[in-house]
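The chain contents come next:
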Amino acid sequence: MSKKETNLENLGIGTKAVWSGSTDTYYKGSTQVPIVNSVTFAYKDVDTWFDVAIGKKEGHIYSRNTNPTTDVFEEKMRVLEGAEAATSFSTGMAGISNILLTFLSPNDRVVSIKDTYGGTSVLFLEFLPRFGIDVELCETTDHDALEREIKKGCKVVYLESPTNPTLKVMDLKRLIKVAHDHGAIVVVDNTFATPVNQKPLHLGADLVLHSATKFIGGHSDAMGGIVCGKKELIDKLFHFREITGATLHANTASLLIRGLKTLELRVLRQNESAMKLSLYLQTHPKVEEVFYPGLESHPSHSIAKEQMLGFGGVFSFSLKGGFENVKIMLNNLKLAHLAASLGSVGTLIGPPKVTSHVEATEEERKQLGIPEGLIRCSVGIENIEDIIEDFEQALSKI
Ligand SMILES: *Cc1c(COP(=O)(O)O)cnc(C)c1O
């Protein structure tokens, strides 16, 4: 597939999502990116094959390494994040594991936060120490503690913002600067924000990653991961991934490409709906507290306002009366799936006590600031009046 050289760098994010990596036409004039389900790629002569194999000529050899469909997904995300390069993975966790194992070796140190995504947290607490990697997890919003630990020296600073489930926001610019002054690589998990709402690379990060399973795909029907950033780092990561084999499949890449085209439409709608739903819940007599960085009452509101272009589609809220009332409300909702995950066109809702923090004890949840009556909601693209009405009738059952 030849690429028509169209410069999309200065265009809007909606335009980039539709056209980047796919301005060409394909097989017999098809306008849509073909799903190339070919494991291997053949050459008519050995010289050309050899040139491709040693990277002298563009082309594909074997789909564990590169694939024409997967390439288009990577190109779209590269352009959306404003990166030099990008590489994709079978899941978000595959991306995160590969990053940490590519850039950390025995006796290296990584500094991160206590509120990382559950799977990431398991990597930090259970697996990395087994490889002799020193892990330091700080209180998520204690920027002074993070700076102190970064200054002691570390190879990687791993950040995530906003966090799950109480949407804590970190001052990325400040932490990136300290990390760079001390020679560390900065990785940011941008899954909750999406490139529509936050651009970590513009704030100085070296690598930005997404669970493409969430907002990027947007329809809860495809899993994937994507990492964008400096070419030198992506090359190393890609080399490791070729061997670990955590490759994104062409079929899935095609679903992600389709999902991406509506990313901006979906996320702008979800930003607006999450704000409306948060404001509605904030004044509801049965609600104890609402956690959404768009609300002035949220402890991270001022950083979020400065750092983000929108506040995102995920928020959480706690009910008075604790978990018993959580069950009553959730069991009575009609227009939401009671399910894990986030970032889909349909509203997803669930209590962290049952989903992300099911393995934590009540005491551990308390330390992370997670009330027992907390509910996390990832609002979809439905008409918000309908969702508010559904919430209203479910809350009235309490
Ligand atoms: C879901 C998620 C991940 C993991 O992604 P998978 O695609 O499920 O492997 C990582 N980070 C965040 C913030 C997530 O929400």
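Quick note: structure is the one above.
First, a word on what this report is: a plain description of the structure on this page. (Residues numbered from 1 in each chain as written. Predicted model: local features only at pLDDT ≥ 70, side-chain atom pairs only at ≥ 80, totals over all residues. Heavy atoms only, no water.)

**Some remarks on the sheet that holds strand β11 (residues 348-350)**
Consideration 1: Spatial strand order, β8-β9-β12-β11-β10: five strands in an open sheet with mixed pairing. At either margin of the open sheet sits one strand with a lone partner, and together these are β8 (287-291) and β10 (337-338).
Consideration 2: Pairing of β11 with strand β12 (residues 374-378), which is carried by three bridges, proceeds in the antiparallel orientation. Paired with I349 across the strands is C377, a residue of β12.
Consideration 3: Running at roughly 15° to strand β9 (residues 314-319), helix α11 (residues 263-282) makes contact with β8, β9 and β12 of the sheet. (Pairing = 2+ DSSP bridges. Helix = DSSP H or I, 4+ residues; strand = E, 2+ residues; numbered from the N terminus. Contact = heavy atoms within 4.5 Å. Axes fitted to C-alpha atoms, helices over the stretch in contact; angles between N-to-C directions.)

**Brief notes about the sheet that holds strand β7 (residues 225-229)**
Consideration 1: Strand order in the open sheet made by the seven strands is β1-β7-β6-β5-β4-β2-β3, with mixed pairing throughout. What marks the edges here is a single partner per strand, and that holds for β1 (85-89) and β3 (134-138). Within the sheet, the average angular offset between the axes of one strand and its neighbour, ignoring direction, is 20°.
Consideration 2: When β1 meets β7, the two strands line up antiparallel, connected through five bridges. By the bridge assignment, A85 is partnered in β7 with G229.
Consideration 3: Running over the sheet, helix α7 (residues 172-181) touches β4 (156-160) and β5 (185-189) and is turned about 155° from β5.
Consideration 4: The sheet strands contacting helix α9 (residues 231-244) are β1, β5, β6 (207-211) and β7, and the helix crosses β1 at an angle near 25°.

**Regarding the environment of L335**
Consideration 1: Note on placement: L335 falls in the loop between α13 (322-332) and β10.
Consideration 2: You can call L335 partly exposed: its relative accessible area is 42%.
Consideration 3: C-alpha separation for the pair L335 and I388, spaced 53 residues apart in sequence, amounts to 9.9 Å.
Consideration 4: Ignoring anything within four residues of it in the chain, the contact list for L335 reads T347, E382, D386, I387 and D390. (Buried < 20%, exposed > 50% of the residue type's maximum accessible area, 1.4 Å probe, protein only.)

**Regarding the pattern of salt bridges**
When the charged atoms of two side chains with opposite charge come close together, those side chains can pair.
Consideration 1: If you walk through the whole model with that rule in mind, you get 21 salt bridges.
Consideration 2: Ionic pairing is found between D206 and K230, a salt bridge with its closest N-O pair at 2.5 Å. Separated by 24 residues along the polypeptide, D206 in the loop between α8 (194-197) and β6 and K230 in the loop between β7 and α9 bring together distant segments of the chain.
Consideration 3: The class of D206 is buried, set by a relative accessible area of 6%.
Consideration 4: Here E232 makes a salt bridge to K236, at a shortest N to O gap of 4.0 Å. Here E232 pairs with K236, and both are found in helix α9, just four residues apart, close to one helical turn.
Consideration 5: E232 gets classed as exposed once you look at its relative accessible area, which sits at 54%.
Consideration 6: By relative accessible area, which is 44% here, K236 ends up partly exposed.
Consideration 7: Several salt bridges converge on common partners, so that one network encompasses R109, D134, E136, E149 and K152. (Salt bridge = Lys/Arg side-chain N within 4 Å of Asp/Glu carboxyl O.)

**Here we look at α11**
Consideration 1: Taking 1.5 Å per residue as the helical rise, α11 with its 20 residues ought to reach 28 Å, and the 28 Å between its terminal C-alpha atoms agrees with that figure.
Consideration 2: Along α11, the positions that sit buried rather than exposed are L263, R266, V267, Q270, N271, S273, A274, L277, S278, Y280 and L281. (Expected span 1.5 Å × (residues − 1).)

**Thoughts on the environment of I387**
Consideration 1: Its place among the elements puts I387 in helix α15 (residues 384-396).
Consideration 2: Accessibility expressed as a relative area gives 1% for I387, which makes it buried.
Consideration 3: Setting aside residues no more than four positions away along its own chain, I387 makes contact with L277, L335, T347 and E382.

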